[in-house]
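Reading the structure
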Amino acid sequence: MPIYLDNNATTKPCDEAIAAAETMMHENWHNPSSVHRAGQEARYQIELARKSVASLVGARARQVTFTSGATESIDLAIRGVLAVAQARSDTSPLLLTTALEHEAVRDLTEELGREGTADRRLLTLDRYGRIDAQEAVQAISNLRPAIVSVQWANNETGVIQPIREIGRACREAGSLFHTDATQWVGKLPCAIDWGDHAAETNPDSVPIDLLSLSAHKFHGIKGAGALVTSRRVKLKPRLLGAQELGRRAGTEATLAIAAMGTAADAAQRWMQDPDARAQIAILRDRLEQSLLEQVPGASINGVDPKDHSTPARLWNTTNIAFPGVEAEALLLQLSERGVYASAGAACSSGSLDPSPVLLAMGIDETLAHGSVRFSLSRHTTRQEVDQAIPLIVEAVKRVQQIAPIHP
Ligand code: PLP
């Protein structure tokens, strides 16, 4: 059986999601906008899913707009807010973001900057690939941007960003705060201040106005995601029509949405036990430590081995730089041995460019070329990790022999 360590690319659908999708295909395949009873049953299933997704991020059902995934949610959020801001001003609205974002944000904001829809500026990073919180707070209060977009956790390194400070600064400055929470949601609980009374009971909650998430990252199925918004948000929709309160037209992907609802419930149940994720973090650490010990010169991207103040990372992710190898060659050797992993973002695999995220973190280009991401899930077992370690070491040695790269 292959050992799947590529869960930040996508996760295996859980049994609950598969069962929900099957029921929708066999029984509730009708159009949820139809007024007949069958249509209304499909609508009911969608509204149940909306409640489940809302509950996963501590929001109310009416805050959730279903989309096809995180990429579309991000596009709707950023373009939608900028279009409203642009209509109110003669100059291009200011957009603050980072060089660490997934390409769904990075490519979009670069394009918006190029075409003059936004004045795009980047926040400063520290040496671990984390935004410098103090500088970010300063920049937000000085510049008062129309929108700030910062990921909650990085898909390549797992590094968690200081979004509480950023969200607070945005609220004070009157800026809208968007977070790409695709890698966070379903892995760690969300304590979010949506700007209503609920937050007053939890002073640690993170002020957020727009949040993007995707079902297939938390054991749902592909084709469903959501944009969750606070009441402050005014958006210009991209697709015009009646569905989703006019925010996202098109007949809803009912089976993917119903599956996302049950996957959200399953993730929430799993997250109630912090020990469960601590156990997977132990497996991740075991994988990391063993590879550092057994591959001379290997290092972890996003972590300083000498510094205990290294920033927090997701419990499931490690990104390891192997010296003297090209990641693509290593991934093929790993695949032959039944170990599945990724280099950089999954969608850029197959290209020989090193990850722009690793380069933005200041990682040397040769090391960025030889960096591989291993991402575990709540289903990863100790047996799998123990089997993977010698296979990875063997694959690295093989690539160093047959296709060495010299700095
Ligand atoms: N944002 C992050 C951080 C991601 O990891 C991904 C997927 O890799 C996306 C956005 C895009 O998600 P989707 O595949 O749902 O469009």
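Residues numbered from 1 in each chain as written. Predicted model: local features only at pLDDT ≥ 70, side-chain atom pairs only at ≥ 80, totals over all residues. Heavy atoms only, no water.

**Quick word on the overall build of the protein chain**
If you tally the helices and strands in the protein chain, you get 12 helices and 14 strands. The C-alpha atoms of the protein chain give a radius of gyration of 21 Å, which matches the 22 Å a tight globule of 407 residues would have. The dimensions of the protein chain, computed from C-alpha atoms along their principal axes, are 65 × 55 × 40 Å. Considering the protein chain as a whole, with its 407 residues, one finds that 56% of them fall into the buried category. Residue pairs at least 24 apart in sequence account for 76% of intrachain contacts in the protein chain once pairs closer than 6 positions are excluded. Side chains of the protein chain carry 41 positive and 48 negative charges; the gap between the two charge centres is 5 Å. (Helix = DSSP H or I, 4+ residues; strand = E, 2+ residues; numbered from the N terminus. Rg over C-alpha atoms; globule rule 2.2 N^0.38 Å. Buried < 20%, exposed > 50% of the residue type's maximum accessible area, 1.4 Å probe, protein only. Contact = heavy atoms within 4.5 Å. Lys, Arg positive; Asp, Glu negative; His and termini not counted. Charge placed at Lys NZ, Arg CZ, Asp CG, Glu CD.)

**Points about the site of the ligand**
All residues in the neighbourhood of the ligand are listed as Gly69, Ala70, Thr71, Ile74, His102, Asn155, Asp180, Thr182, Gln183, Ser214, His216 and Lys217. Within the side chain of Asp180, a nitrogen or oxygen atom sits 2.7 Å from a nitrogen atom of the ligand. Taking His216, its side chain carries an N or O atom lying 2.9 Å from an oxygen atom of the ligand. Contact with the protein chains covers 86% of the free accessible surface of the ligand, which is 400 Å². Of the residues belonging to the shell around the ligand, the class tally is two nonpolar, eight polar and two charged. (Near = heavy atom within 4 Å. Polar contact = N/O pair within 3.5 Å; in protein donor to acceptor, adjacent residues only side chain to side chain. Areas by Shrake-Rupley, 256 points an atom, 1.4 Å probe, with all protein chains shown as cover. Nonpolar A, V, L, I, M, F, W, Y, C, P; charged D, E, K, R; others polar.)

**Considering unusual backbone geometry**
The backbone of Arg144 shows a phi angle near 45 degrees, a positive value even though the residue is not glycine. Its location among the elements puts Arg144 in the loop between helix 5 (133-143) and strand 5 (147-149). The phi torsion at His219 lies on the positive side, around 70 degrees, for a residue other than glycine. By the secondary structure assignment, His219 is in the loop between strand 9 (210-214) and strand 10 (225-229).

**Side note on the environment of Ala226**
Residue position: Ala226 is located in strand 10. Put simply, Ala226 and Ser68 are 158 residues apart on the chain and 7.6 Å apart in space, counted from C-alpha to C-alpha.

**A look at the sheet that holds strand 2 (residues 64-67)**
Ordered by their spatial adjacency, seven strands build an open sheet running 2-10-9-6-5-3-4, and the pairing between neighbours is mixed. The open sheet has two edge strands, strand 2 and strand 4 (119-122), and neither has a second partner. Put simply, the sheet's adjacent strands are angled 20 degrees from each other on average, direction ignored. With two bridges joining them, strand 3 (residues 94-97) and strand 5 adopt parallel strand pairing. Residue Leu95 lies in a different strand from strand 5, and its bridge partner there is Ile147. Contacting strand 5 and strand 6 (176-180), helix 6 (residues 163-173) runs over the sheet at an angle of about 155 degrees to strand 6. (Pairing = 2+ DSSP bridges. Axes fitted to C-alpha atoms, helices over the stretch in contact; angles between N-to-C directions.)

**Brief notes about the nonpolar core**
If you look at the biggest cluster of nonpolar residues, it comprises 89 residues, and the most contacted ones within it are Val57, Trp152, Leu211, Leu213, Phe322, Phe374 and Ile392. Among the elements that make up this core, the one with the highest residue count is helix 7 (residues 254-271) (10 residues). With residues near it in sequence (within four places) discarded, Phe374 still touches Leu5, Leu287, Leu291, Asn316, Thr317, Thr318, Ile320, Phe322, Leu334, Ala341 and Ile392. Residues Ile78, Ala104, Val105 and Leu176 belong to the second largest nonpolar core, which totals 19 residues. (Core = buried A, V, L, I, M, F, W, Y, C linked by side-chain atoms within 4.5 Å.)

**Looking at the packing of aromatic side chains**
Evaluated as defined, the whole model comprises two aromatic pairs. When the ring of Trp152 is compared with that of Trp184, the centres are 4.5 Å apart and the planes differ by 10 degrees; the resulting orientation is stacked. Within this pair, whereas Trp152 is found in the loop between strand 5 and helix 6, its partner Trp184 is found in the loop between strand 6 and strand 7 (192-193), the two being separated by 32 residues in sequence. For the pair Trp270 and Trp315, a centre-to-centre distance of 5.3 Å together with 50 degrees between the ring planes defines the contact as tilted. With Trp270 in helix 7 and Trp315 in the loop between strand 11 (299-300) and strand 12 (317-321), this residue pair connects regions lying 45 residues apart in the sequence. Pair check on accessibility: Trp270 and Trp315 agree, each one buried. (Phe/Tyr/Trp six-rings, centres within 6.5 Å; stacked < 30°, edge-to-face > 60°.)

**Quick word on the pairing of strand 3**
Both faces of strand 3 are covered, namely the face carrying Leu94 and Leu96 and the face carrying Leu95 and Thr97. Both strand 3 and strand 4 contribute to a ladder of four bridges, which runs parallel. If you follow Leu95 over to strand 4, its bridge partner there is Arg120. Between the parallel elements strand 3 and strand 4, the chain passes through helix 4 (residues 103-114) in a crossover that is right-handed. (Right-handed = clockwise from strand over helix to strand, strands pointing away.)

**Brief notes about the pairing of strand 9**
Taking burial as the measure, the five residues of strand 9 include five buried ones, the bulk of the element. The alternating pattern of strand 9 places Leu210, Ser212 and Ser214 on one face and Leu211 and Leu213 on the opposite face, and all of these are buried. Pairing between strand 6 and strand 9: three bridges, direction parallel. By the bridge assignment, Asp180 is partnered in strand 9 with Ser212. When strand 9 meets strand 10, the two strands line up antiparallel, connected through five bridges. Bridged to Leu210 within strand 10 is Thr229.

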